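Survey of secondary and tertiary structure
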Amino acid sequence: MRCETIKKWLSDDLDGALSSKRKARLEIHLRECLVCRRYRADLTRLQAEAASAADLSPEYWAAFERRLESKLAFVEPVREASRAPLFRGRKWAWAAAGFLALAAVGTYLAVSRPGRTLETAWVPYEDSIARILQAAEEDPEVENLVNRELLASITEVAPDPEEAYAAPLAADPLFWEGLSEEELEYIAAELEREAGQGGPK
Amino acid sequence: MKKWVPATFFFLALALGALAQAQGSLQGDPQARMRIRENISNLYLLRLTRALELSEEQTAKLYPLLTRVEKEKAGIQRRMGLDLRDLRAELAKPGAGERRVLELVARIMEARSTIRQKDDEVEGVLDGVLTPFQKARYLIFTVDFLRSIGENVERARGLRGPIKRTP
Amino acid sequence: MDERPEDDLVEDARRGSREAFAGLVRLHERRVYGLVFRMAGNHSDAADLAQEVFLTAWRSIASFRRGSSFYTWLYRIAVNTSLTFLRKRSREKDRAEFHENMAGVDSGRDASFSAEGNCSQNELRARIDEAIDSLPGHFRASFVLVVSQGFSHADAAGILGCSENTVSWRMHKARKILQARLKPYLGEVRS
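Residues numbered from 1 in each chain as written. Chains lettered and ligands numbered in written order. Predicted model: local features only at pLDDT ≥ 70, side-chain atom pairs only at ≥ 80, totals over all residues.

1. What to know about the overall build of chain B
Defined as follows: Every helix listed is a DSSP run of H or I at least four residues long, and every strand listed is a run of E at least two residues long, numbered separately from the N terminus. Partly exposed residues are those whose C-beta has more than 12 but fewer than 20 other C-beta atoms within 10 Å; 20 or more makes a residue buried and 12 or fewer makes it exposed, with C-beta atoms placed from the backbone. Any pair of residues counts as being in contact when their C-beta atoms, constructed from backbone geometry, are within 7 Å of one another.
Check the secondary structure of chain B and you find five helices and zero strands. Here chain B holds 167 residues, and 20% of them are scored as buried. Put simply, of all contacts in chain B between residues at least 6 apart along the chain, 78% involve residues at least 24 apart.

2. A short note on the overall build of chain C
Along chain C, the regular secondary structure elements total eight helices and zero strands. Secondary structure of chain C in N-to-C order comes out as α-α-α-α-α-α-α-α. Looking at chain C as a whole, 42% of its 191 residues qualify as buried. Sequence-distant contacts in chain C: of pairs separated by 6 or more residues, those separated by 24 or more amount to 63%.

3. Remarks on the interface of chain C and chain A
For clarity, the cut-off: Polar here means any residue outside two lists: the nonpolar Ala, Val, Leu, Ile, Met, Phe, Trp, Tyr, Cys and Pro, and the charged Asp, Glu, Lys and Arg; Gly therefore counts as polar.
Contact with chain C, which involves 43 residues of that partner, is made by 40 residues of chain A. Those elements that provide at least two residues to the side of chain C that touches chain A are helix H2 (18-40), helix H3 (43-59), helix H4 (70-92), helix H5 (121-133), helix H6 (137-148) and helix H8 (164-190) of chain C. No other element matches the 14 residues that H8(C) contributes to the side of chain C that touches chain A. Among the residues forming the side of chain C that touches chain A, the class breakdown is 19 nonpolar, 12 polar and 12 charged.

4. Let's talk about the nonpolar core
This is how the line gets drawn: Residues enter a nonpolar core if they are buried, belong to Ala, Val, Leu, Ile, Met, Phe, Trp, Tyr or Cys, and are joined to the set through C-beta atoms within 7 Å.
By size, the foremost hydrophobic cluster in this structure holds 63 residues, and its most contacted members are C:Val36 and C:Phe143. If near-sequence neighbours (up to four positions away) are discounted, C:Phe143 is found in contact with C:Ile132, C:Leu135, C:Met171 and C:Ala174. Of all hydrophobic cores here, the second largest spans 15 residues; its members include A:Leu184, A:Tyr186, A:Ile187 and B:Phe145.

5. Section: the environment of C:Arg87
In this fold, C:Arg87 is placed in helix H4. Placed 50 residues apart in sequence, C:Arg87 and C:Gly137 show a C-alpha to C-alpha distance of 8.2 Å.

6. Description of the packing of H2(C) against H6(C)
All names here are of chain C. Rules: Working convention: axes come from line fits to C-alpha atoms, limited for helices to the stretch in contact. Angles between N-to-C directions cover 0 to 180 degrees. Angles are sorted into four bins: roughly parallel if under 35 degrees, roughly antiparallel if over 145, roughly perpendicular if 65 to 115, and oblique for all others. A clockwise turn of the near helix away from the far one marks a right-handed crossing, whereas an anticlockwise turn of less than a right angle marks a left-handed crossing.
At a closest axis distance of 10 Å, the pairing of H2 and H6 adopts a crossing angle of 140 degrees. Judged on the interaxial angle alone, H6 and H2 are oblique. Handedness of the crossing formed by H2 with H6: right-handed. Of H6, the residues touching H2 (which contributes Gly-34, Leu-35, Arg-38 and Met-39) are Arg-140, Ala-141, Val-144, Leu-145 and Ser-148.

7. Digging into helix H7 (residues 153-160) of chain C
Along H7(C), six of the eight residues are buried, which leaves the element largely enclosed by surrounding structure. Listed in full, the buried residues belonging to H7(C) are C:His153, C:Ala156, C:Ala157, C:Gly158, C:Ile159 and C:Leu160.

8. Focus: the confidence of the model for chain C
Do not read the fine detail of predicted coordinates wherever pLDDT is low. All names here are of chain C. Put simply, the rule reads: The pLDDT value tells you how sure the predictor is about a given residue, anywhere from 0 up to 100.
Summary statistics for chain C give a mean pLDDT of 80 and a share of 81% for residues scoring 70 or more. For chain C, the element scoring lowest by mean pLDDT is H5, at 82; H3 scores highest, at 92. Scored below 50 in pLDDT, residues 98-118 makes 18 contacts in the model with residues more than four places away or belonging to other chains.

9. Let's talk about the environment of B:Ile40
Within the secondary structure layout, B:Ile40 lies in helix H2 (residues 30-52). Residue class for B:Ile40 comes out buried when judged on the 21 C-beta atoms lying within 10 Å of it. Once residues within four sequence positions are removed from consideration, B:Ile40 is found in contact with A:Ile187, A:Ala188 and A:Leu191.

10. A short note on the packing of H2(B) against helix H3 (residues 56-92) of chain B
All names here are of chain B. Between H2 and H3, the least distance of the axes is 10 Å, while the angle of their chain directions is 155 degrees. Between H2 and H3, the crossing angle belongs to the class labelled roughly antiparallel. Where H2 crosses over H3, the two elements pack in a sense that is right-handed. In contact with Pro-30, Met-34, Arg-37, Glu-38, Ser-41, Leu-45 and Thr-49 of H2, H3 contributes Thr-59, Leu-66, Thr-67, Glu-70, Ala-74, Gln-77, Arg-78 and Gly-81.

11. Some words on H3(C)
Quick reminder of the rule: The span expected for a helix works out to 1.5 Å for each residue beyond the first.
Between its terminal C-alpha atoms H3(C) stretches 24 Å, which fits the 24 Å expected from 17 residues at 1.5 Å a residue. Of the residues making up H3(C), those classed as buried are C:Ala46, C:Leu49, C:Ala50, C:Val53, C:Phe54, C:Ala57 and C:Trp58.

12. Quick notes on the confidence of the model for chain B
All names here are of chain B. Looking at chain B as a whole, the pLDDT averages 77, with 77% of positions reaching at least 70. For chain B, per-element mean pLDDT is lowest for helix H1 (residues 4-22), which scores 51, and highest for H3, which scores 88. This model gives residues 1-5 a pLDDT under 50, and the stretch forms zero contacts once residues within four places in sequence are excluded.

Structural data, given as structure tokens:
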């Protein structure tokens with residue numbers, strides 16, 4: 001049994017998510033492996049220290065609730081009735097029209113006011129997408145989120161009618177050679193989990 | 001026809017070379033990979049037989065064939081992996097031999113084609129054994145299963161966190 | 001104190017009762033605070049974040065679907081609010097990115113502490129807080145929900161909107177990173 005797998009099982013065991021069968025195999029391995037025993041000791045220690053939380057006084061909570069109450073007085077819940085979409089059924093046509101209108105105005109302003117930078121354009125920099133894109137350049141995590149949102153919005157605007165019939169990449173034998181051992185393990189674990197639940201039909 | 005064959009191989013070699021080099025750090029222990037792939041195959045067969053709701057007679061006819069073909073594919077896939085590894089090594093040499101490279105490319109493409117033929121063989125047999133509704137379920141299952149593999153890979157890569165860009 | 005069952009409080013809050021919502025706040029404030037505190041790493045930001053979570057929940061209470069789990073919905077708001085805050089903060093603050101291959105390297109933020117000296121309980125605690133603080137957002141969210149808040153993988157997955165297996169892998173990765181980073185200090189305490 002590889003130590004890397006044991007480390008994953010140790011993590012699951014700490015969270016009470018390890019099956020009894022695997023737990024038995026885990027204990028057998030630990031009897032013989034000092035490295036994994038030390039790893040377990042480290043994780044157990046981490047668990048104990050990380051789990052404990054700061055305890056705040058009743059006075060603190062009373063003040064917290066008062067502060068919140070004063071803010072709630074100025075906030076009205078959004079009612080469900082008022083959330084009905086204005087442009088039900090043809091939102092993409094409206095979105096496209098809105099985008100074209102914005103683009104037209106933006107182009108006019110860009111042409112008629114030469115030399116303006118993004119910061120002084122009619123859309124305040126603070127509210128523009130440029131700020132988000134700049135953040136994406138600096139932070140890979142933000143970049144991933146921005147890319148996902150953009151792709152999702154493109155899919156939403158122009159759903160691919162052929163998507164359901166596209167030949168999946170995994171059908172190619174070469175696809176599997178591009179996967180790391182870790183990725184293969186993840187796939188196997190996910191399939192095993194779904195097999196236990198019956199899996200998607 | 002004769003003129004474009006070497007050119008095709010050249011471009012395929014480039015493509016496979018790029019793939020091989022990109023995978024450089026991903027391969028890990030071949031034995032471990034084989035075990036995990038076998039596990040995935042077994043899980044695939046389990047899911048497939050559930051999805052098709054085979055009768056006892058159909059199971060008796062199909063299961064031995066499906067298991068044998070999966071084993072054969074696994075063997076071919078393993079050899080393909082080793083050839084890709086050799087291709088990577090060959091390309092890393094300062095004076096990479098064109099003949100050796102093309103030989104490996106040909107073997108890898110042959111392996112790829114053989115695996116696909118095995119799938120066709122299975123589908124041919126299924127065609128004679130499954131009912132029309134089962135055939136439909138097989139198609140849908142295959143598409144969904146393969147797509148879910150892709151989604152799982154994306155999730156696994158998402159867990160690895162953002163990729164550090166080298167300057 | 002409103003002693004009504006939570007479902008009744010939720011229903012009344014959906015109809016606009018601030019009093020009922022205040023009852024829900026009292027039921028969940030400590031856990032929500034614990035979660036955002038672990039995400040933000042300090043009490044000042046945690047207090048603001050916790051307020052923001054409940055304000056967001058009040059604003060969108062009408063969108064809460066009857067029959068689904070209120071605490072899952074509320075904690076999802078808490079996690080998303082925290083992650084948004086962390087993304088904003090990471091642009092403003094000079095924060096060393098945390099990767100496995102940097103394990104054991106002192107970030108230089110606290111030069112006064114040395115692993116070679118005695119690692120007291122408080123110092124270990126501070127190192128652990130710092131290490132959790134530098135986990136990537138989604139790893140931290142999973143870790144905080146499961147370890148600090150005591151959620152099961154299944155419940156954490158419900159809050160995060162991912163599969164149980166994903167939570168399991170994130171926990172494994174987070175622990176590997178933390179153990180590698182804190183090994184010198186854990187070893188010191190152990191000996």
